[in-house]
Amino acid sequence: MNPFVTRSTSNVFSFRTLKKIVSKYCYSTTSKVTEVPNELEVEEIPQYEVEIKFTEEEIEKMRNVSGLAPQHRNIIHDKKPYNNAPETYHNSIWYKKKLIGRYGLEAAEVNPAICWPTKDDILDLQEYEKIEYPDKLQELWKKFENDKIEAKEKIRKREEEIDKTVANFDKWQADLESKIQAKEAALLLSKQQRQRTLDEVREQYGYRIDPNDEKFKELLEKKEKEDKKKKKLLKKQLAKEKVLKFLQKKEEESKMSKETGSNSNDKKEDTLK
């Protein structure tokens, strides 16, 4: 046996046993203190970095989901439509006035004194007023008063017409009711006449006939034609009688006039004698 090897193994064994004994029976009375690193001294290292692939203009375009034109989008956000004038009239005075009135003084980027008229503009306006309104203020006021009086007179006349119509309302209502009653009476009379003709035709045949039968319709038409002829004859007779009465009346009047004329002549002769 090699003495060197045995010595080394014995040393190892003795060291292990010593470590166990020390750990079992020996302990420290001091508490363990953990050192907390200062947050200010610690460097913040990002976990990952993002590479910027788009510019700010491209990002703004992607954000504009509405797809509106820039000028329209500015109008929605209450900004002036164009930063650079695309047309010539955008540099005109009236357009600048419009921008000042709508978006404020900063939008037009001009002196706000352009909103006031110049001396030439005032002279032009005065000349225009002289031509367009030649009458003086007093004359215009008189016309205004006359127009008011005419309007009141029209209203008064209209009210009078309404009062008249309201006063005649009862009369018109009575006339309407009488017309309705006359129509109803005429309808009733026509129904009675039709029923009378139906009864006469049935009496002629001696039995009840269907009114929808063609033969019955033909007979009914003949009967109606005969009745119409009779009515016409009656009208003619009445007209002749009226004419005869009128002629008789005229003859009587002529006789009376002749008699009065002869009597007057006799009186004249008597006076002459």
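Residues numbered from 1 in each chain as written. Predicted model: local features only at pLDDT ≥ 70, side-chain atom pairs only at ≥ 80, totals over all residues. Heavy atoms only, no water.

## So, the overall build of the protein
Alright, step 1. Across its full length, the protein carries nine helices and zero strands.
Alright, step 2. Secondary structure of the protein in N-to-C order comes out as α-α-α-α-α-α-α-α-α.
Alright, step 3. Here the contacts in the protein between residues at least 6 apart in sequence split such that 19% fall between residues at least 24 apart. (Helix = DSSP H or I, 4+ residues; strand = E, 2+ residues; numbered from the N terminus. Contact = heavy atoms within 4.5 Å.)

## Description of a nonpolar patch on the surface
Alright, step 1. A cluster of nonpolar residues, V243, L244, F246 and L247, forms a patch on the protein surface that exposes about 380 Å² of accessible area.
Alright, step 2. Tracing the backbone through its elements, the reader meets V243 in helix α9 (residues 214-272). (Patch = residues over 30% accessible without salt bridge, like charges linked within 9 Å, V, L, I, M, F, W, Y side chains within 5 Å. Areas by Shrake-Rupley, 256 points an atom, 1.4 Å probe, with all protein chains shown as cover. Salt bridge = Lys/Arg side-chain N within 4 Å of Asp/Glu carboxyl O.)

## Overview of the packing of aromatic side chains
Alright, step 1. Under the defined criterion, the tally for this structure stands at four aromatic pairs.
Alright, step 2. A ring pair is formed by Y89 and Y95, whose centres lie 6.2 Å apart and whose planes are at 90 degrees; its orientation type is edge-to-face.
Alright, step 3. Among the residues examined, Y89 registers a relative accessible area of 42% and is labelled partly exposed.
Alright, step 4. When its relative accessible area of 11% is taken as the criterion, Y95 is described as buried.
Alright, step 5. Geometrically, the ring pair formed by W94 and Y95 is edge-to-face, given 6.0 Å between the ring centres and 90 degrees between the ring planes.
Alright, step 6. Chaining the aromatic ring pairs together yields one cluster made of Y89, W94 and Y95. (Phe/Tyr/Trp six-rings, centres within 6.5 Å; stacked < 30°, edge-to-face > 60°. Buried < 20%, exposed > 50% of the residue type's maximum accessible area, 1.4 Å probe, protein only.)

## Some details on the side chain of K80
Alright, step 1. Looking at the element boundaries, K80 is found in the loop between α3 (70-76) and α4 (93-103).
Alright, step 2. At a separation of 3.5 Å, a polar atom in the side chain of K80 contacts the side chain of E109.
Alright, step 3. Setting aside chain neighbours within four positions, we find K80 in contact with N74, L99, Y103, A107 and E109. (Polar contact = N/O pair within 3.5 Å; in protein donor to acceptor, adjacent residues only side chain to side chain.)

## Here's the deal with the layout of surface pockets
Alright, step 1. If you add up the space inside the largest pocket, you get close to 330 Å³.
Alright, step 2. If you trace the largest pocket, you find it lined by S190, Q193, R194, R196, T197, E200, K223, E224, D227, K228, K230 and K231.
Alright, step 3. Where the lining of the largest pocket is concerned, the elements lending two or more residues are α8 (169-205) and α9.
Alright, step 4. Its residues placed into classes, the lining of the largest pocket shows no nonpolar, three polar and nine charged.
Alright, step 5. Forming the boundary of the second largest pocket are E60, K61, N64, L68, A69, P70, R73, N74, H77 and K79.
Alright, step 6. Here the lining of the second largest pocket gets three residues from one element, more than from any other, and that element is α3.
Alright, step 7. Residue composition of the lining of the second largest pocket, by class: three nonpolar, three polar and four charged. (1 Å grid on protein atoms, 1.4 Å probe; cavity = no way out; pocket = protein on both sides within 12 Å on 5 of 7 lines; lining within 4 Å. Points joined across faces, edges and corners; volume = space filled by probe spheres on them. Nonpolar A, V, L, I, M, F, W, Y, C, P; charged D, E, K, R; others polar.)

## Overview of unusual backbone geometry
Alright, step 1. Here D78, not a glycine, exhibits a phi torsion of approximately 60 degrees, which is positive.
Alright, step 2. By the secondary structure assignment, D78 is in the loop between α3 and α4.
Alright, step 3. At E109, a position not held by glycine, the phi torsion is positive, near 60 degrees.
Alright, step 4. Tracing the sequence through the fold places E109 in the loop between α5 (105-108) and α6 (119-132).
Alright, step 5. E109 sits in the exposed class, given a relative accessible area of 64%.

## Some details on the confidence of the model for the protein
Alright, step 1. Residue-level pLDDT values for the protein average 77, and 74% of them are 70 or greater.
Alright, step 2. Helix α1 (residues 3-25) is the least confidently modelled element of the protein, averaging 52 in pLDDT, while helix α7 (residues 137-167) averages 92, the highest of any element.
Alright, step 3. Under a pLDDT of 50 for its full length, residues 1-13 has, in the predicted model, one contact with residues more than four places off or in other chains. (pLDDT = per-residue confidence, 0-100.)

## Some words on a negative patch on the surface
Alright, step 1. Taken together, the side chains of D120, D121, D124 and E127 define an acidic patch exposed on the protein surface.
Alright, step 2. With respect to the helices and strands, D124 occurs in helix α6.
Alright, step 3. Relative accessible area serves as the criterion here: at 48%, D124 is assigned to the partly exposed category. (Lys, Arg positive; Asp, Glu negative; His and termini not counted. Charge placed at Lys NZ, Arg CZ, Asp CG, Glu CD.)

## Brief notes about the pattern of salt bridges
Alright, step 1. Under the defined criterion, the tally for this structure stands at seven salt bridges.
Alright, step 2. With a closest N to O distance of 2.9 Å, R102 and D78 form a salt bridge. On the criterion of sequence distance, the pair formed by R102 in helix α4 and D78 in the loop between α3 and α4 is long-range, its members being 24 residues apart.
Alright, step 3. Residue R102 is classed as partly exposed on the basis of its relative accessible area, which comes to 47%.

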